[in-house]
Amino acid sequence: MASTTGSETDPWNREVKEKFEGRVTHRSEFLDPCQEAAARSIRCLHRNGGDRSLCSDYFQVYRDCKKAWV
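Starting from 1, residues in each chain are numbered consecutively following that chain's sequence as written. Since the coordinates come from a predicted model, pLDDT governs what is reported: local features require at least 70, and pairs of side-chain atoms require 80 or more to be given and counted, while whole-chain, interface and lining totals use all residues. To get the side-chain values, all heavy atoms of the structure are used, and hydrogens and water are removed first.

As annotated in an unreviewed UniProt entry, the chain is Cytochrome c oxidase-assembly factor COX23, mitochondrial from Trichocladium antarcticum. UniProt positions are given in the numbering used here, feature names are shortened, and annotations may be inferred rather than shown by experiment. Checking UniProt for the chain, the heading Subcellular location (unreviewed entry) contains the comment "Mitochondrion intermembrane space". As stated in UniProt under Sequence similarities (unreviewed entry), the record for the chain gives "Belongs to the COX23 family."

### Some thoughts on the pattern of salt bridges
By salt bridge we mean one thing: a side-chain nitrogen of Lys or Arg within 4 Å of a carboxyl oxygen of Asp or Glu. Applying the stated rule across the entire model yields 3 salt bridges. Within the structure, one salt-bridge network assembled from shared partners comprises Glu36, Arg40 and Arg43.

Structure, rendered in structure tokens:
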């Protein structure tokens, strides 16, 4: 099980919330609130040579985020 800090497990942290709410000035810019969770999943795969079983916590955080937004 990968250890995560509070900011890694909360895809809707203050920084993402500010970007999302402040995007009015960048109407053409698409913001995926789950992008950081997705990036962490990919980094985990790279660190572990593609072994998905070692990154299951990261994938779960991403799935939970997507579930909340879809």
